[in-house]
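Structural overview for review
For reference, the chains in residue letters:
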Amino acid sequence: MSNKKLSKGAYGGISGKDYVPYITDKSKTGANMAVLIIGIILAIIFAASTAYSGMKAGLTVAAGIPGSIIGSAFIAAFASGKGILGKNIVQGMASGGESVASGMIFVLPAILLIGSQVTFLEGFIVGVGGVLFGIGIASLVYNYLIIEEHGKLMYPESMAISETLVASDAGGDSMKYMGIGFGISGLITILTSSFLNVANNVISFIGNKFYKCKFEVEVNPLLLGIGFIVGLEVALTMFAGSLLSHFGIMPLIGYFTDMAGEGAKVWNDPTMAINQMGVNDIAGNYVKYIGAGMMLCGGIIGAVKLIPTIIASVKETMKAKSSTSVDGEDGGALQTIMLLGGVVVAVVGAFFISNGIVMAIIGVVVSLLLAGLFVIVAGRLTGTIGTSNLPVSGMTIASLVIATLVFVIMGWTDLADNKSLLLFGTFIVISISIAGGYSQSQKVTYIIGGSKNEMQKYFAIAGIVGVIVVVGTTLLLANQLVVTGDNPPFALPQANLISTLTSGIMSGQLPWVMVIVGVVMAIVLYFLNLPIMTVAIGFYLPIATTSIILVGALIRVFVEKTSKGDKEKEVKVANGISLSSGLVAGGSIIGLVGIILQVTGVIKGAGPSGFAASNMMAIILLLVLVVLTTWPIVSSKVKNNEN
């Protein structure tokens, strides 16, 4: 029988082996035909919308929470007998489709940007290989990440999804607070850029004169909710990275660019004089590469530190094959099939996409090693910051820089070779991004008490559906994607960076000094015992994003400080997390609908003008958002009859 809310143990404080899940009846399963069909539909919707929004703006939103809400409604209507376990499978499948999209759009469109072509079959083979390999490797470290580290790795989004599922099961308070969050988020999202675009939601102060710096706050309910969920420590660490890039490095580079002579041009844009660069140009052409270097180094240090984990996990897995695992399920066989399947597809694909046998062999070995390392890093990082903030682009850049260097050493540097390299890169990025979504979904399954194997199978199906959708979408939009200029239909920030990086290394024209500076900064952080990746993400992300995440975390601190006693604090923070989950869900679902309406031309907005376009407008929106969010949490009452 289910209890009415998640136990305290769900958040830690006990060892993972002793945790009692929400549903304790092991005979129940979550899947049937109706669940499968609902899951596939959600996988298609989230894959297509994520591919679209990611290529347009470079930001993607994890589908777990919106998937769990929409999925809950569908399950209630068409498969109510499956209850919370069915809802869990559906949110996992939504996440599977979205995970593929949020990775694939970083690399696959880069093939078009370097001036090459890609076929459906090429995209499909590397995609399916990446899905199977990513899930296979992530399963190897399942026991360690999900069970042994229970409570140490918080999995903030997994907990939000679990709360959502339980709320939809039990009704009551958490659903109420989620609803409030959803409403606030929906309202503000409708007014701003991703929907009607009638109000400016970015508070912006740019110094282009003496001290070239930039401070912005994007009034985004979704990011505020994430800030509340991850808490002050993570939010401050990320913000520190942004401070360093926007107020330390940027003005420093700006100081020297002002001294540049007339003939000096920006390294990757011969039409722009160095002394004409504004803040955004400095950020895009120089500071960004320092961030890439930090991530490159952070990724490698993280991977090296994880070697004992990897070895221990492999040993555990070998043991698990001979005996049944913790929850009485024998996951060994299925894991092995997926992992071997991924390797086989990758090897076959390598011969299909390479320009020779040597390239196929070296390419596949390098890809499997890099993907394997970063899949484990991704699983671990998801436990810290959730998939929405997973630095997939950073890990992909790190992998591709290494792979490109291997190609250059081998002398493979023409256009066809660059295309092969990017196809290998697509395999790597899908492995990494699917691993984040998969770890997140398996954590939810563990908390709720679902079947690990069932989630693994259905997540893989959703991933493959996602591959078909994203490759299709990319080919469909191919003519629009290659349009460049002042205001292109698709900005493709990550794909542009990756095409620049790979072709830059192949032609020898990359700002290596910037990358190396980033590496050195990462080493300094490592010596100071600071979380490199979290700082690097902050360094790399716009300060508009990290500042609003910090606001969300500060609201949580305010709630904690104004509570009288531990009991009240606990209830209020739980309500706050439910409300924040609603903020994230509302922002992503309404944002998604807005993007679809904008693409189809139903909404044609010229953008805000006059007062609505001013900083003051955005400041008013921020105040409204903070008050609307804080007030319901602070004024929530502690019931005495709670267990």
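Residues numbered from 1 in each chain as written. Predicted model: local features only at pLDDT ≥ 70, side-chain atom pairs only at ≥ 80, totals over all residues. Heavy atoms only, no water.

1. Observations regarding the overall build of the chain
A tally of regular secondary structure across the chain gives 23 helices and 4 strands. Taking 643 residues into account, the globule formula puts the C-alpha radius of gyration at 26 Å, and the chain, at 24 Å, falls close to it. For the chain, the C-alpha atoms occupy an extent of roughly 75 × 60 × 50 Å along the three principal directions. When burial is assessed residue by residue, the chain has 60% of its 643 residues classed as buried. Carbon and sulfur atoms make up 68% of the accessible area of the chain, which amounts to about 24600 Å² in all. Between the centroid of the 34 positive side chains of the chain and the centroid of its 30 negative side chains there is a distance of 6 Å. (Helix = DSSP H or I, 4+ residues; strand = E, 2+ residues; numbered from the N terminus. Rg over C-alpha atoms; globule rule 2.2 N^0.38 Å. Buried < 20%, exposed > 50% of the residue type's maximum accessible area, 1.4 Å probe, protein only. Areas by Shrake-Rupley, 256 points an atom, 1.4 Å probe, with all protein chains shown as cover. Lys, Arg positive; Asp, Glu negative; His and termini not counted. Charge placed at Lys NZ, Arg CZ, Asp CG, Glu CD.)

2. With respect to the packing of helix 12 (residues 332-353) against helix 16 (residues 452-476)
Viewed as axis vectors pointing N to C, helix 12 and helix 16 meet at an angle of 20°, and their least axial separation amounts to 10 Å. Comparing the axis directions of helix 12 and helix 16 gives the class roughly parallel. When you trace helix 12 past helix 16, the crossing you get is left-handed. Contacts between helix 12 and helix 16 involve L334, Q335 and M338 from the first element and K452, N453, Q456, K457 and A460 from the second. (Axes fitted to C-alpha atoms, helices over the stretch in contact; angles between N-to-C directions. Parallel < 35°, antiparallel > 145°, perpendicular 65-115°, else oblique. Left-handed = near helix turned anticlockwise from the far one by under 90°. Contact = heavy atoms within 4.5 Å.)

3. Regarding the packing of aromatic side chains
Tallying each qualifying case throughout the model produces 12 aromatic pairs. Taking the centre distance of 6.1 Å and the plane angle of 10° together, the rings of F120 and F124 count as stacked. In this pair, F120 and F124 are both assigned in helix 4 (residues 120-140), 4 residues apart and thus about one turn of the helix distant. Owing to a relative accessible area of 27%, F124 belongs among the partly exposed residues under this scheme. Cluster of aromatic residues (ring-pair linked, three or more members): F407, W412 and F424. Taking the ring centre of Y142 as reference, the NZ or CZ of K452 above it sits at 4.3 Å. (Phe/Tyr/Trp six-rings, centres within 6.5 Å; stacked < 30°, edge-to-face > 60°. Lys NZ or Arg CZ within 6 Å of the ring centre and 35° of its normal.)

4. Focus: helix 21 (residues 543-562)
The α-helix advances 3.6 residues per turn, and as a result positions three or four apart in sequence lie on the same side. Taking 1.5 Å as the rise per residue, helix 21 with 20 residues should run 28 Å; its terminal C-alpha atoms sit 28 Å apart, in good agreement. The buried count for helix 21 comes to 14 of 20 residues, which makes it a mostly enclosed element. (Expected span 1.5 Å × (residues − 1).)

5. With respect to the pattern of salt bridges
Opposite charge on two side chains lets them pair, provided their charged atoms get close. Evaluation of the coordinates by the stated rule reveals 6 salt bridges. With its nearest N and O atoms 3.0 Å apart, the salt bridge here joins K212 to D258. Remark: D258 occurs in the loop between helix 9 (232-257) and strand 3 (265-266) and K212 occurs in the loop between strand 1 (202-207) and strand 2 (213-218); sequence separation between them is 46 residues. (Salt bridge = Lys/Arg side-chain N within 4 Å of Asp/Glu carboxyl O.)

6. Re a nonpolar patch on the surface
Taken together, the side chains of L405, I409, W512, I516, V520, V524, L528 and L530 make up a nonpolar region of the molecular surface, amounting to roughly 740 Å² of accessible area. Residue contributions to the nonpolar patch peak at 4 residues, all from helix 19 (residues 512-527). Assignment of secondary structure puts I516 in helix 19. (Patch = residues over 30% accessible without salt bridge, like charges linked within 9 Å, V, L, I, M, F, W, Y side chains within 5 Å.)

7. Notes on unusual backbone geometry
In this structure, N197 is a non-glycine residue whose phi angle is positive, near 60°. Following the sequence through the fold, N197 ends up in the loop between helix 7 (173-191) and strand 1. Accessibility expressed as a relative area gives 22% for N197, which makes it partly exposed. Positive phi values are uncommon outside glycine, yet N529 reaches one of about 65°. Tracing the chain through its elements places N529 in the loop between helix 19 and helix 20 (532-540).

8. Quick word on the confidence of the model for the chain
Averaged over every residue, the pLDDT of the chain is 87; residues scoring 70 or more account for 92%. Counted against residues more than four places away or in other chains, residues 322-328, with its pLDDT under 50, gives 7 contacts. (pLDDT = per-residue confidence, 0-100.)

9. Details of the environment of I184
The residue I184 is located in helix 7 in this model. Along the primary structure I184 and G582 are separated by 398 residues, whereas in three dimensions their C-alpha atoms are 8.6 Å apart. I184 has contacts with L583, L625, L628 and T629, leaving out every residue within four places of it along the chain.

10. Structural notes on the environment of L541
Looking at the element boundaries, L541 is found in the loop between helix 20 and helix 21. Residue classification places L541 among the buried positions, given a relative accessible area of 18%. When the C-alpha positions of L541 and F239 are compared, they lie 9.5 Å apart, and in sequence the two are 302 residues distant. Apart from the residues within four sequence positions on either side, L541 is in contact with M238, S242, H246 and T546.

11. A closer look at the side chain of T257
Among the structural elements, T257 can be located in helix 9. Take T257: its relative accessible area is 7%, and that puts it in the buried class. Polar side-chain contacts of T257 include one of 2.9 Å to the backbone oxygen of G254. Leave out the neighbours within four places in its chain, and T257 touches K212, I274, N275, M277 and I282. (Polar contact = N/O pair within 3.5 Å; in protein donor to acceptor, adjacent residues only side chain to side chain.)

12. Here's the deal with the side chain of T502
Mapped onto the elements of the fold, T502 is located in helix 18 (residues 493-507). Here N418 takes part through its side chain, which lies 3.4 Å from a polar atom of the side chain of T502. Filtering out sequence-adjacent residues up to four positions away, T502 remains in contact with L400, T404, N418, L421 and L422.

13. With respect to the packing of helix 14 (residues 392-409) against helix 15 (residues 415-448)
Across the interface, helix 14 lies against helix 15 with an axial gap of 10 Å and an inter-helix angle of 145°. Here the hand of the crossing between helix 14 and helix 15 comes out right-handed. Facing helix 14, whose interface residues are V392, M395, T396, S399, L400, A403, T404 and F407, helix 15 presents D417, L421, F424, G425, I428, V429, I432 and S433. Among the residues forming the contact of helix 14 with helix 15, the class breakdown is 10 nonpolar, 5 polar and 1 charged. (Nonpolar A, V, L, I, M, F, W, Y, C, P; charged D, E, K, R; others polar.)

14. Concerning the pairing of strand 1
Where strand 1 lies against strand 2, 6 bridges are found, and the strand directions are antiparallel. Looking at the pairing, I206 lines up with K214 of strand 2. Where strand 1 folds back onto strand 2 in an antiparallel hairpin, the turn is made up of 5 residues. (Pairing = 2+ DSSP bridges.)

15. Considerations on helix 20
Most of helix 20 is tucked away: 9 of the 9 residues are buried. Within the span of helix 20, buried status applies to I532, M533, T534, V535, A536, I537, G538, F539 and Y540.

16. Re the environment of N285
Summarising the element assignment, N285 is placed in helix 10 (residues 279-305). With a relative accessible area of 14%, N285 lands in the buried category. Spatially, the C-alpha atoms of N285 and P511 are 9.0 Å apart, while their sequence positions differ by 226 residues. In contact with N285, not counting residues within four places along its chain, are V266, W267, N268 and M277.

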